[in-house]
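Observations on the three-dimensional arrangement
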Amino acid sequence: MKNQIIPLISLTAGLMSSCIGAKGTAKETVKEVPNVIYIFPDQYRNMAMGFWNDPTFQKEGIKGDPVHTPNIDSFAHESLVLTHAISNCPLSSPHWGALMTGMYPNKSGIPINCNSNRPISNLRNDVECMSDVFHKNGYECAYFGKLHTDHPTRNNPQHPGEYVDKNKVVWDAYTPKERRHGFDYWYSYGTFDEHKNPHYWDTEGNIHKPKEWSPLHEAKQVISYLKNEHQQRDTQKPFFIMVGMNPPHSPYRSLNDCMEEDYNLYKDLPIDSLLIRPNADKSMKKANSARFYFASVTGVDRAFGMILDCLKELDLDKNTIVVFSSDHGETMCSHSTKDAKNSPYTEAMNVPFIIRYPEHIRPRTDNIMLSTPDIMPTMLGMANLQNNIPKTVQGYNYASILKEEKTQKVTRPQGALYIKNTDGEKDKDGKVISYFPLGRGIKTHAYTLALYINRDKQLEKVQFFHDEKDPYQLRNLRLDKHPQVAKELLDLLGKELKRIEDPWYKENILSDMISYR
Ligand code: CA
């Protein structure tokens, strides 16, 4: 019975790896069961990393923002850096649902951002999430920071029957134990945007208000967990840790939002020298946020560096897979849009995805279009748990591409979907009871195409860019002027929407344009 043996082997190797982690022997066994740390600050765009301007990375043609990120830069040189990781539905909750379940927003339970007015958006409890699989296979699982995947209910454990937030529409949520999907250790909250006044509920449901800039506080908590200062974990087991840092998410307008020492790096720089993308509208009021956004980026870099240093200090760096990513990007005045994220623009959809696994992943870049639902199966594949990928998963396991294994032939994706949903119908109390699939699109290495419908489900708007020739997406092309390319993109879009059983496929939306065969 192969399926029963695998977890036992994993557990044994895990036992050994944690001893080895401390003492540094018996290399052979270490390779079997890696520890995993997945760190994903919120709203961190791919270009906001200094190394893009290093000679090694310049050939990728990604114009790096003028940011100070020394820790991420060193990490990138030791890692595989993906140039085209895509957040398919670039918004917090839908991304996180897809990340956790390996399913697209139409299946994960989270088609739109979670809040108390939207009971239809709630992470499914009846499917196995990434953490469930790690837990089942002998891992000690821990979650730190923001996790915006729950429909907030009257659930503050210290004030039973009360909302966490007193406002009418609430975003924040305490996650009860039965909804934690295999996470043994908990230090988390739903959504709360006072970066220097964060709060967290711990494993037992006690609230903590540390009055410390949240990424730094979370890094310290992760370090304490790694060092097992308070017997937080079973050191006989390998660990799977996720860290959802809220900055550089808004607000980004004052020293209440970031560390002063980081702000000082940017405060005297003219906006022209900060918003360097040719599509940036520097006349927007938001332009002043650039200094605070980049200061937050630098602060996140420091917090990330603290965790990396601790891994090294504990001699855990060799046997730990570390990922740095984000849930979506940030437009920051590009395209004159006030919407920081929910769009098909590169600034919103292209996220960092940097993965380090010494001796298993060769440091380099790769342009694979990794979609959000691919992350879960790929991470499980990286940890040799590919036989445990749940049947419900819609994404693909690209671990063999990341590890450059020649034995398995895995087809690379031709493109990545773009998905935009909004509120559908509401009941008499104003609660959202369905979602409306407002826009769908496809992104390839060469093009971005997004189609939007009105409430009668007729075509309302098209965004079509030749990203290779026009990387800043300044010229919206006409479909009828490029019939061959348009057909290929629409065929790929139809094929993917059919594969994931999207509402556009099910309702035959725009079937005069999109082939769903
Ligand atoms: Ca977000």
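Everything that follows concerns the structure shown earlier in this document.
Residues numbered from 1 in each chain as written. Predicted model: local features only at pLDDT ≥ 70, side-chain atom pairs only at ≥ 80, totals over all residues. Heavy atoms only, no water.

This next bit is on the coordination of the calcium ion. Binding of the calcium ion to the protein goes through Asp42 (OD), Asp42 (OD), Ser92 (OG), Asp327 (OD) and His328 (NE2), at separations of 2.0 to 2.8 Å. We note that the donor set of the calcium ion lies within a single chain, spaced as D-x49-S-x234-D-H. Pair check on accessibility: Asp327 and His328 agree, each one buried. (Donors = N, O, S within 2.8 Å, 3.2 Å for Na, K, Ca; no water. Buried < 20%, exposed > 50% of the residue type's maximum accessible area, 1.4 Å probe, protein only.)

On to the sheet that holds strand β10 (residues 364-366), then. Strand-to-strand pairing in sheets goes through backbone hydrogen bonds, with the strands running parallel or antiparallel. One open sheet holds the 10 strands; their spatial order is β6-β5-β4-β3-β7-β1-β8-β9-β2-β10, and the pairing between them is mixed. Across the chains shown, the open sheet's two edge strands, defined by having one partner strand only, are β6 (207-208) and β10. As defined by bridge partners, strand β2 (residues 80-82) adjoins β10 across three bridges and the pair is classed as parallel. Paired with Leu82 across the two strands is Asp366, which belongs to β10. Of the strands in this sheet, β1 (35-39), β3 (140-146) and β7 (239-244) are in contact with helix α5 (residues 92-101), which crosses β3 at around 175 degrees. Running over the sheet, helix α11 (residues 289-313) touches β1, β7, β8 (320-325) and β9 (353-356) and is turned about 175 degrees from β8. (Pairing = 2+ DSSP bridges. Helix = DSSP H or I, 4+ residues; strand = E, 2+ residues; numbered from the N terminus. Contact = heavy atoms within 4.5 Å. Axes fitted to C-alpha atoms, helices over the stretch in contact; angles between N-to-C directions.)

This paragraph deals with the packing of aromatic side chains. Counting across every chain of the model gives 29 aromatic pairs. Note on Tyr143 and Phe183: the rings are 5.4 Å apart at their centroids and 80 degrees apart in plane angle, and the pair reads as edge-to-face. With a gap of 40 residues between them, Tyr143 in strand β3 and Phe183 in the loop between β3 and β4 (185-189) connect regions that are remote in the sequence. Under the relative-accessibility criterion, Phe183 is labelled buried at 8%. A ring pair is formed by Phe304 and Phe324, whose centres lie 4.9 Å apart and whose planes are at 55 degrees; its orientation type is tilted. One end of the pair, Phe304, is in helix α11; the other, Phe324, is in strand β8, and 20 residues separate them in sequence. Phe324 shares its class with Phe304; the two are buried. Among the aromatic side chains, those forming a connected cluster through ring pairs are Phe134, Tyr139, Tyr143, Phe183, Trp186 and Phe240. (Phe/Tyr/Trp six-rings, centres within 6.5 Å; stacked < 30°, edge-to-face > 60°.)

The next thing to look at is the pairing of strand β11 (residues 416-423). Summarising burial for β11: seven of the eight residues are buried, a large majority. Relative to strand β12 (residues 435-443), β11 runs antiparallel, the two sharing seven bridges. Paired with Ile419 across the bridge in β12 is Arg440.

Two elements in contact, helix α4 (residues 70-77) and α11, have axes separated by 7 Å at closest approach and are oriented at 50 degrees. Taken together, the axes of α4 and α11 are oblique relative to one another. Each of Pro70, Asn71, Ile72 and Phe75 in α4 lies in contact with α11, whose residues at this interface are Asp301, Arg302, Phe304, Gly305 and Leu308. Tallied by class, residues from the contact of α4 with α11 come to five nonpolar, two polar and two charged. (Parallel < 35°, antiparallel > 145°, perpendicular 65-115°, else oblique. Nonpolar A, V, L, I, M, F, W, Y, C, P; charged D, E, K, R; others polar.)

A word on the sheet that holds β12. Reading across from one edge, β11-β12-β13-β14 is the order of the four strands in this open sheet, with antiparallel pairing throughout. Edge strands, defined here as strands with exactly one partner in the open sheet, are β11 and β14 (459-466). Averaged over all neighbouring strand pairs, the angle between strand axes comes to 15 degrees, with direction disregarded. Where helix α15 (residues 483-499) meets the sheet, its contacts fall on β11, β12, β13 (447-453) and β14, and the angle it forms with β12 comes to roughly 130 degrees.

On to α15, then. Counted at 1.5 Å a residue, the expected span for α15 with its 17 residues is 24 Å, and the 24 Å between its end C-alpha atoms agrees. For α15, the complete set of buried residues consists of Ala486, Leu489, Leu490, Leu492, Leu493, Gly494, Glu496 and Leu497. On the buried face of α15, the contacting elements are β11, β12, β13, β14 and α16 (503-506). In the segment just after α15, Glu501 is the residue with positive phi, at about 55 degrees. (Expected span 1.5 Å × (residues − 1).)

Here the focus is the side chain of Thr101. Locating Thr101 in the fold gives a position in helix α5. Looking at Thr101, the relative accessible area reads 0%, which means it is buried. Only 2.7 Å separates the side chain of Thr101 from the backbone oxygen of Gly97, close enough to count as a polar contact. Within polar-contact distance, the side chain of Thr101 engages the backbone nitrogen of Met103 at 3.1 Å. When neighbours within four sequence positions are excluded, Thr101 is seen to be in contact with Ser108, Leu123, Val127, Glu128, Cys129, Met376 and Val393. (Polar contact = N/O pair within 3.5 Å; in protein donor to acceptor, adjacent residues only side chain to side chain.)

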